[in-house]
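# Geometric and topological summary
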Amino acid sequence: MYDLLIIGSGPAGLGAAIYGVRAGLNLAVIDRSPISGGQVLTTYEVDNYLGLPGISGSDMSERFREHADKLGVPFLMAEVESVEDCGEKKLVHTDEGDYEANAVILATGATHAMLGVEGEMKLAGMGVSYCATCDGAFFRGRTVAVIGGGDVAVEDAIFLAGLCKKVYLVHRREALRAAESLQRKLRSMANIEIVWNSEVTQIQGEDMVEAIVVYNNQTKESHSLDVMGVFIAVGVIPNTEMFKGFVNMDEKGYILADETCTTSVPGIFAAGDIRKKALRQIITAVADGANAVNSVQSYLI
Ligand code: NAP
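Residues numbered from 1 in each chain as written. Predicted model: local features only at pLDDT ≥ 70, side-chain atom pairs only at ≥ 80, totals over all residues. Heavy atoms only, no water.

## Some details on the state of the cysteines
A full pass over the atoms with the stated rule returns one disulfide. For Cys131, the disulfide goes to Cys134, at an S-S distance of 2.0 Å. Between Cys131 and Cys134, the S-S torsion sits near 70 degrees, and that sign places the bridge as right-handed. Judged by relative accessible area, which is 43%, Cys134 ranks as partly exposed. (Disulfide = S-S within 2.5 Å. Buried < 20%, exposed > 50% of the residue type's maximum accessible area, 1.4 Å probe, protein only.)

## Re the layout of surface pockets
To find leftover empty space, a probe the size of one water molecule is rolled over the atoms. The calculated volume of the second largest pocket comes to roughly 240 Å³. Along the walls of the second largest pocket sit Pro11, Leu14, Gly15, Ile18, Tyr19, Tyr49, Leu52, Arg63, Phe64, His67 and Val286, which together make up its complete lining. Breaking the lining of the second largest pocket down by element, the ones donating at least two residues are helix 1 (11-22) and helix 2 (57-70). Looking at the lining of the second largest pocket residue by residue, the class counts come to eight nonpolar, two polar and one charged. (1 Å grid on protein atoms, 1.4 Å probe; cavity = no way out; pocket = protein on both sides within 12 Å on 5 of 7 lines; lining within 4 Å. Points joined across faces, edges and corners; volume = space filled by probe spheres on them. Helix = DSSP H or I, 4+ residues; strand = E, 2+ residues; numbered from the N terminus. Nonpolar A, V, L, I, M, F, W, Y, C, P; charged D, E, K, R; others polar.)

## Regarding the packing of helix 1 against helix 2
The geometry of helix 1 relative to helix 2 is characterised by a closest axis approach of 9 Å and an angle of 25 degrees between their N-to-C directions. When the interaxial angle is binned, helix 1 and helix 2 end up roughly parallel. Relative to helix 2, helix 1 is oriented so that their crossing is left-handed. Contacts between helix 1 and helix 2 involve Pro11, Leu14 and Ile18 from the former and Phe64, Arg65, His67 and Ala68 from the latter. (Axes fitted to C-alpha atoms, helices over the stretch in contact; angles between N-to-C directions. Parallel < 35°, antiparallel > 145°, perpendicular 65-115°, else oblique. Left-handed = near helix turned anticlockwise from the far one by under 90°. Contact = heavy atoms within 4.5 Å.)

## So, the domain arrangement of the protein
Segmenting the protein into domains produces domain 1 (2-111 + 236-300) and domain 2 (114-232). Taking only C-alpha atoms, the centre of domain 1 and the centre of domain 2 are 31 Å apart. Across the interface of domain 1 and domain 2, roughly 460 Å² is buried in total on both sides, 57% from carbon and sulfur atoms. Of all residues in domain 1, Thr42, Tyr44 and Glu45 give up the largest surface area on contact with domain 2, accounting jointly for 79% of the area buried on that side. Across the domain 1-domain 2 interface, the total number found is one salt bridge. Here Glu45 makes a salt bridge to Lys185, at a shortest N to O gap of 3.6 Å. Inspection of the domain 1/domain 2 interface yields one residue pair in polar contact (both at pLDDT 80 or more). Class assignment of the residues belonging to the side of domain 1 that touches domain 2 gives a composition of one nonpolar, three polar and one charged. (Domains from an automatic or database assignment. Buried area = accessible area lost by both parts, 1.4 Å probe. Salt bridge = Lys/Arg side-chain N within 4 Å of Asp/Glu carboxyl O. Polar contact = N/O pair within 3.5 Å; in protein donor to acceptor, adjacent residues only side chain to side chain.)

## As for the pattern of salt bridges
This model, assessed by the stated rule, comprises eleven salt bridges. Lys277 is the partner of Asp288 in a salt bridge, and the nearest nitrogen-oxygen pair spans 3.1 Å. Remark: Lys277 occurs in the loop between strand 19 (268-270) and helix 6 (282-300) and Asp288 occurs in helix 6; sequence separation between them is eleven residues. Taken as a pair, Asp288 and Lys277 share a single burial class, namely buried. The structure contains a network of salt bridges with shared partners spanning Arg275, Lys277 and Asp288.

## Regarding the packing of helix 4 (residues 151-161) against helix 5 (residues 180-187)
Relative to each other, helix 4 and helix 5 sit at 30 degrees, their axes nearing to 10 Å. By the angle between their directions, the pair helix 4 and helix 5 is classed as roughly parallel. Every pair of crossing elements has a handedness; the one defined by helix 4 and helix 5 is left-handed. Contacts between helix 4 and helix 5 pair Asp151, Val154, Glu155, Ala157 and Ile158 from the former with Leu182, Gln183, Lys185 and Leu186 from the latter. When grouped by side-chain class, the residues that make up the contact of helix 4 with helix 5 number five nonpolar, one polar and three charged.

## Quick notes on the sheet that holds strand 15 (residues 211-216)
As summarised here, the arrangement of the three strands in space is 14-15-16, forming an open sheet in which the pairing is antiparallel. Here the strands that pair on one side only, and so sit at the sheet edges, are strand 14 (198-204) and strand 16 (221-226). Direction aside, neighbouring strands of the sheet carry axes that sit 25 degrees apart on average. Note: strand 14 against strand 15, six bridges, orientation antiparallel. (Pairing = 2+ DSSP bridges.)

Structure representation (structure tokens):
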């Protein structure tokens, strides 16, 4: 029986873990992967985390995990299937069996969204990718497209521009959502062409991606772009499927909790990208972890 179980070992989960052990809680972190970091792991470079300018996502993940290991945070490897509220006791059901705790912090993060166009599923892994840092090297010297206008799309385009001959950034509007600092860097890369007001309607190719069909929603015309790779960065969806019906969520599946991370179920807290909030960043995820532990302490008292 633990005081606290933390589900997920991204920035929110690890942030909670270090605050929790330092507060003397008997806790464990459950994750399905032995490698911590969540979405940070597949981020090329992080330049907006205080004190660590320009750190790579993999280095940052490693440093977060090292910090937790140094403080003796115990990790359990298991896939969480559901959480059950039995009053003072919470049961975490996993593929490795059940774990009991007085409180649980849900910190399962988010996963990339799909574009939902013809050819996407068929060519996934054959030129269609959701992770530029993982797959970018396969496209060295080639022409690729990145779809989206947020931080991830722009970061991906910048990263790929360093490897590829040409990068199209296809965005459905004429203003990017990404941070201004990223946009400045993007504009400085000569081999990136932004394709504004354009929606990808089809990804073409037999065994490998050969082209994308792009519909310009202003001119109402379609044309195709010859590319060998398509990097889809159209946002994220929260990993909250297993908590549906257990805690209150909004229509997109984000858990309703304020900055105290308190959910609709007493003793269950939500931290990081799974929580409905205005700004999803690494620093706000880590902050959620600390706030969630503060709330756990009050709850346990
Ligand atoms: P995002 O900010 O939600 O941006 C998604 C982009 O995809 C938007 O530009 C959106 O267009 C576009 N899009 C959505 N659905 C689409 C569709 N069906 N077809 C075409 N385009 C579509 O997502 P993200 O870039 O993945 O970032 C996720 C979160 O992580 C954000 O909160 C971001 O700030 C955060 N993040 C933080 C850091 C950091 O801290 N350094 C780094 C990366 C990401 P519209 O603009 O028209 O809506």
